[in-house]
Amino acid sequence: MLKVTVWNENRHEQKNPVVRDLYPNGIHGAIAEFLEAEGLQTGTATLDEPEHGLTDEVLASTDVLVWWGHLAHEEVEDRIVEKVRQRVLDGMGLIVLHSGHFSKIFKVLMGTSCDLKWREADEKERLWVVSPSHPITEGISEYIELEKEEMYGEHFDIPQPDELIFTSWFEGGEVFRSGCTYTRGNGKVFYFRPGHETYPTYHNKQIQRVISNAVKWAKPVKRERPVYGNAKPLEEIKAK
């Protein structure tokens, strides 16, 4: 069975009663709940746990890691980020949500600032499916409409995505690359934009469907990581 770990810094839930009311079990709890309903073996981890909940044992048993962070990116220890990076290179899938674009793990995997424009104005977001044959969009219509969301706008300072899955339009006029896939080593990475903490975005069934689809898409391929470095010849090399 596919094993998923949902990581959340879990700080807004402690500081903001609006967030606490929307997600009484934390954003991580809400995401884990709908993933479990999909038949996935799901656990959670949070920032203030020892090793941020990402012990060697947890990471070794995780097929796909879902990441949500915002207030406390800099509190994530570099050694934990490096462990996660190595697991991605070895084949673990990584789903980065919303403000996780500024997380240490996403920035180190992208190699860019991952900066963007933003605005909180209770505006409508329409996420257009631009890759209708992709497995991440299975069960999704032409677009997902969210009544209220935080705006993220271009330019989004990321490498060119391997695949662009969603493009968002916002009521204020901006557009944004809201669903982007990458491969890093043996691992698959998906960035998915919606999910501001003061809106009920993760209760939206279509948003849940996208994340569930993405987790299944990002599952590891069952093969060994390629061997690098000096190599012996496979065939006899005849001296000239």
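In this text, all values refer to a predicted model and were calculated from it rather than measured experimentally.

Conventions used here
Residues numbered from 1 in each chain as written. Predicted model: local features only at pLDDT ≥ 70, side-chain atom pairs only at ≥ 80, totals over all residues. Heavy atoms only, no water. Salt bridge = Lys/Arg side-chain N within 4 Å of Asp/Glu carboxyl O. Helix = DSSP H or I, 4+ residues; strand = E, 2+ residues; numbered from the N terminus. Buried < 20%, exposed > 50% of the residue type's maximum accessible area, 1.4 Å probe, protein only. Expected span 1.5 Å × (residues − 1). Contact = heavy atoms within 4.5 Å. Phe/Tyr/Trp six-rings, centres within 6.5 Å; stacked < 30°, edge-to-face > 60°. Lys NZ or Arg CZ within 6 Å of the ring centre and 35° of its normal. 1 Å grid on protein atoms, 1.4 Å probe; cavity = no way out; pocket = protein on both sides within 12 Å on 5 of 7 lines; lining within 4 Å. Points joined across faces, edges and corners; volume = space filled by probe spheres on them. Nonpolar A, V, L, I, M, F, W, Y, C, P; charged D, E, K, R; others polar.

Participant: Just give me the short version of the pattern of salt bridges, but keep the residues and values in it.
Facilitator: Summed over all chains, the structure comprises 17 salt bridges. A salt bridge links Glu51 to Lys83, with the shortest nitrogen-to-oxygen separation between them at 3.0 Å. With Glu51 in the loop between strand S2 (41-46) and helix H4 (56-61) and Lys83 in helix H5 (residues 78-90), this pair connects stretches of sequence that are 32 residues apart. Asp56 serves as the salt-bridge partner of Lys83, at 2.9 Å between the closest nitrogen and oxygen. Linking Lys83 in helix H5 with Asp56 in helix H4, this pair joins segments that are 27 residues apart in sequence. The class for Asp56 is partly exposed, based on a relative accessible area of 46%. Residues joined in a network through salt bridges with shared partners are Glu51, Asp56, Glu77, Arg79 and Lys83.

Participant: Tell me what's going on with helix H3 (residues 26-37), and back it up with residues and numbers.
Facilitator: Think of an α-helix as 3.6 residues a turn; residues three or four steps apart then line up on the same face. Given a rise of 1.5 Å per residue, 12 residues ought to cover 16 Å, and the 17 Å separating the end C-alpha atoms of H3 matches this to within 8%. Here H3 lies mainly inside the structure; nine of its 12 residues are buried. By the burial criterion, the buried members of H3 are Gly26, Ile27, His28, Gly29, Ala30, Ile31, Ala32, Phe34 and Leu35. Of the surrounding secondary structure, the elements contacted by the buried residues of H3 are strand S1 (3-8), helix H1 (12-15), S2, strand S3 (64-68), strand S4 (93-97) and helix H7 (205-217). Downstream of H3 by one or two residues, Gly39 has phi in the positive range, about 85°.

Participant: I'd like to hear about the packing of aromatic side chains, residue by residue, with values.
Facilitator: Across all of its chains, the model carries nine aromatic pairs by this definition. Ring geometry for Tyr23 and Tyr202: centres 6.3 Å apart, planes at 55°, overall tilted. Linking Tyr23 in the loop between helix H2 (17-22) and H3 with Tyr202 in the loop between strand S9 (187-192) and H7, this pair joins segments that are 179 residues apart in sequence. There is no split in this pair, since Tyr23 and Tyr202 are both buried. In this structure an aromatic cluster arises from ring pairing among Phe106, Tyr152, Phe156, Phe176 and Tyr191. Stacked on the ring of Tyr143, the Lys or Arg Arg126 has its end atom at 5.5 Å from the ring centre.

Participant: If you had to explain the layout of surface pockets to someone new, which residues and values would you point to?
Facilitator: One number sums up the size of the largest pocket: a volume of about 220 Å³. In terms of lining, the largest pocket is formed by 17 residues, of which the most central are Ala30, Glu33, Phe34, Lys205 and Gln208. At the level of elements, H3 and H7 are the ones that each hand at least two residues to the lining of the largest pocket. Broken down by class, the residue content of the lining of the largest pocket amounts to seven nonpolar, six polar and four charged. Considering only enclosed or pocket space, the second largest pocket measures out at about 150 Å³ in volume. Along its surface, the second largest pocket is lined by His70, His73, Ser99, His101, Phe102, Asp115, Leu116, Trp118, Glu120, Glu150 and Tyr152. Listed by contribution, the elements that provide at least two residues to the lining of the second largest pocket are strand S5 (117-129) and strand S6 (143-153). In terms of residue class, the lining of the second largest pocket is built from four nonpolar, four polar and three charged.

Note that all results are geometric; they support no functional claim without further evidence.
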